Amino acid sequence: GTGAGSFAAAGMLGAWLLDAGRDDDACGALQRARELGCDDPVMLRNLALATVRTGGDPAEAADLYETALAHRPDPRLVLERDLLAQLTGTDAAARLALLERHSAALDARDDLAVTHVGLLLDADRVDDAWRILTTRVFRPFEGGEGIVLAAYDRAACLLARRFCAEGRADAAVALLEAGIDAPANLGEGRHPAVPQAERFVALGDAHRLEGDDAAARAAWERAAASTPLAVAPRPADEATFWIGIAHTRLDETSAAEAIWDALDLRAAQIEAAPDEVDYFATSLPELLVFDLDTPDRRRAQAAALRALATAGRATTHERMNA
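Residues numbered from 1 in each chain as written. Predicted model: local features only at pLDDT ≥ 70, side-chain atom pairs only at ≥ 80, totals over all residues. Heavy atoms only, no water.

Visitor: Can you tell me about the packing of aromatic side chains, naming the residues and giving the values?
Guide: One pass over the full model with this rule turns up 3 aromatic pairs. Each ring, one from F241 and one from W260, has its centre 5.7 Å from the other, and the planes form 45°; the classification is tilted. Taken together, the residues F241 in helix α14 (residues 238–249) and W260 in helix α15 (residues 253–272) connect sequence positions 19 residues apart. With respect to class, F241 is no different from W260; both count as buried. Grouping aromatic residues by their ring pairs yields a cluster made of F241, W242 and W260. (Phe/Tyr/Trp six-rings, centres within 6.5 Å; stacked < 30°, edge-to-face > 60°. Helix = DSSP H or I, 4+ residues; strand = E, 2+ residues; numbered from the N terminus. Buried < 20%, exposed > 50% of the residue type's maximum accessible area, 1.4 Å probe, protein only.)

Pasting the structure below:
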C-alpha cells in the first residue's frame, strides 16, 4: 500500500534490519520508505548509515544527513554528519563551517564541543578555542578519555608560543605552569602515564627566552623523562616527537635519534595493519557509527608521523652543526 502507514512500516523495518546487521536488506526497506514520501529525520539518518555500510556513495549519505538536519538540527545528527565528513577526507575548514551552522548543538554535547575546539585550533582561531576550554564545564564522556585535556594542552602551547613571539615570555611561563595540573572544568585528571612533553618543551623555551638557563634545562629534562607508570610502552605519537625535541635541546643526540627511528617504525606499523583494540580501551564509543580506520586515514597518519621524524632529524642536525 501507500500512505503514512506503509512508509512508517518500511522505515521501522529498515531500522530493525539495520540494528540486526542486515545492511543490504535495511537499505532496500529504507529506500522504499523514502520513495513512499517519508522524510522523517531518523529514517533519513538510518538510510545514510545503510548507504555507507553497503558501499554506497558517501556524497549521497551526506545529502541525506543535510535533509535530516534541515528538518531537525539534532546534536546527534550534527555529530554523525561530522564523522561522515571525516570519513570522506573533508578538510578542517569545511568541517568547521558545517559545524558552526549549528551552534546550539555544539553547546549541547561535550564530544561536539571538543571537536569544534580541535577544528578552531586547526583554523588558527586559538582565542575562540581557548574561550571554550576555559569556560565550558566538560563532563567525562564515553570514549573521550584524554581528548579534552589533549585539546587544552595543544591550545596552551600555541598560546604560549604566541606570547613568546610577542616578547612576553613571562606570560608564557605563567600560562604553561598554571596548566600542569588539569583545570577542574575539563572534567578529568591527568593520567600519570601520559607525557606532557610539548608543554615542558615550550616551558623550557620560554624560560630560555627569559634568560633562565637552569629553569629551561629543568623543564626540558622533565619533558624528556620517561613516565615510569606506563603499563606498556606507548606507541610512538606526537607526544613522542616532543620527547625527541627535549633530548635535542639537551644535546642528547643519540636519544633523540632513537625517537626519530621510533616514529618511522610506528608509521610502518600503521601502514602494515590496523591496530588491535587496546585491552584497556574499554569504552570505545558506540557513537562511532562509521569505521574511521580506513586505509586512506592510516596512510595519512603514517605520513604525518614520518613528517615528524623528518622534522625532528632536521632539528637535531641543526643543533649538532650550530
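Visitor: An account of the side chain of E80 is requested, with residue identities and associated values reported.
Guide: One can find E80 in helix α5 (residues 75–87). Given a relative accessible area of 0%, E80 falls into the buried group. A distance of 2.8 Å separates polar atoms of two side chains, one belonging to E80 and the other to R45. Within the structure, the side chain of E80 is placed 2.7 Å from the side chain of R76, a separation counted as a polar contact. Each residue touching E80, except ones within four places of it in the same chain, is listed here: R45, Y65, V289 and F290. (Polar contact = N/O pair within 3.5 Å; in protein donor to acceptor, adjacent residues only side chain to side chain. Contact = heavy atoms within 4.5 Å.)

Visitor: So, a negative patch on the surface: which residues are in play, and what are the values?
Guide: On the surface, D170, E177, E210, D212 and D213 cluster together to form a negatively charged patch. Relative to the assigned elements, D170 resides in helix α11 (residues 169–178). (Patch = residues over 30% accessible without salt bridge, like charges linked within 9 Å, V, L, I, M, F, W, Y side chains within 5 Å. Areas by Shrake-Rupley, 256 points an atom, 1.4 Å probe, with all protein chains shown as cover. Salt bridge = Lys/Arg side-chain N within 4 Å of Asp/Glu carboxyl O. Lys, Arg positive; Asp, Glu negative; His and termini not counted. Charge placed at Lys NZ, Arg CZ, Asp CG, Glu CD.)

Visitor: Residue-level account of the packing of helix α9 (residues 126–135) against helix α10 (residues 147–165), with values.
Guide: Close contact between α9 and α10 brings their axes to 10 Å; oriented N to C, the two are set at 135°. Compared by their axis directions, α9 and α10 come out oblique. Where α9 crosses over α10, the handedness of that crossing is left-handed. Between α9 and α10, the contacting residues are V126, D127, W130 and L133 on the first element and V148, A151, Y152, A155, A156, L158, L159 and R162 on the second. (Axes fitted to C-alpha atoms, helices over the stretch in contact; angles between N-to-C directions. Parallel < 35°, antiparallel > 145°, perpendicular 65-115°, else oblique. Left-handed = near helix turned anticlockwise from the far one by under 90°.)

Visitor: Mind laying out the nonpolar core, listing which residues take part and the relevant values?
Guide: With 91 residues, the main nonpolar core has W130, L133, W260, L263 and F290 as its most contacted residues. In terms of residue count, α10 provides more of this core than any other element does, 11 residues in total. For L263, the residues in contact, after removing those within four places along its chain, are A236, D237, T240, F241, L305, L308 and A309. (Core = buried A, V, L, I, M, F, W, Y, C linked by side-chain atoms within 4.5 Å.)

Visitor: Lay out the environment of P274 in plain terms, naming residues and giving numbers.
Guide: Mapping P274 onto the fold places it in the loop between α15 and α16 (295–321). Judged by its relative accessible area of 42%, P274 falls in the partly exposed class. Each C-alpha atom, one on P274 and one on R81, is 24 Å from the other, the two residues being 193 residues apart in sequence. For P274, the contacting residues outside a window of four places in its chain are D293 and R298.

Visitor: Describe the pattern of salt bridges, listing the residues and the values that go with them.
Guide: Taken as a whole, this structure holds 23 salt bridges when the rule is applied. The residue E80 makes a salt bridge to R76 at a minimum N-O spacing of 2.7 Å. Taken together, the residues span about one helical turn, with E80 and R76 both in helix α5 at a distance of 4 residues. A salt bridge links R136 to D110; its shortest N-O distance comes to 2.9 Å. Taken together, the residues R136 in the loop between α9 and α10 and D110 in helix α8 (residues 110–122) connect sequence positions 26 residues apart. Take R136 and D110: they sit in the same class, and that class is buried. The network of salt bridges with common partners includes E100, R125, D128 and R131.

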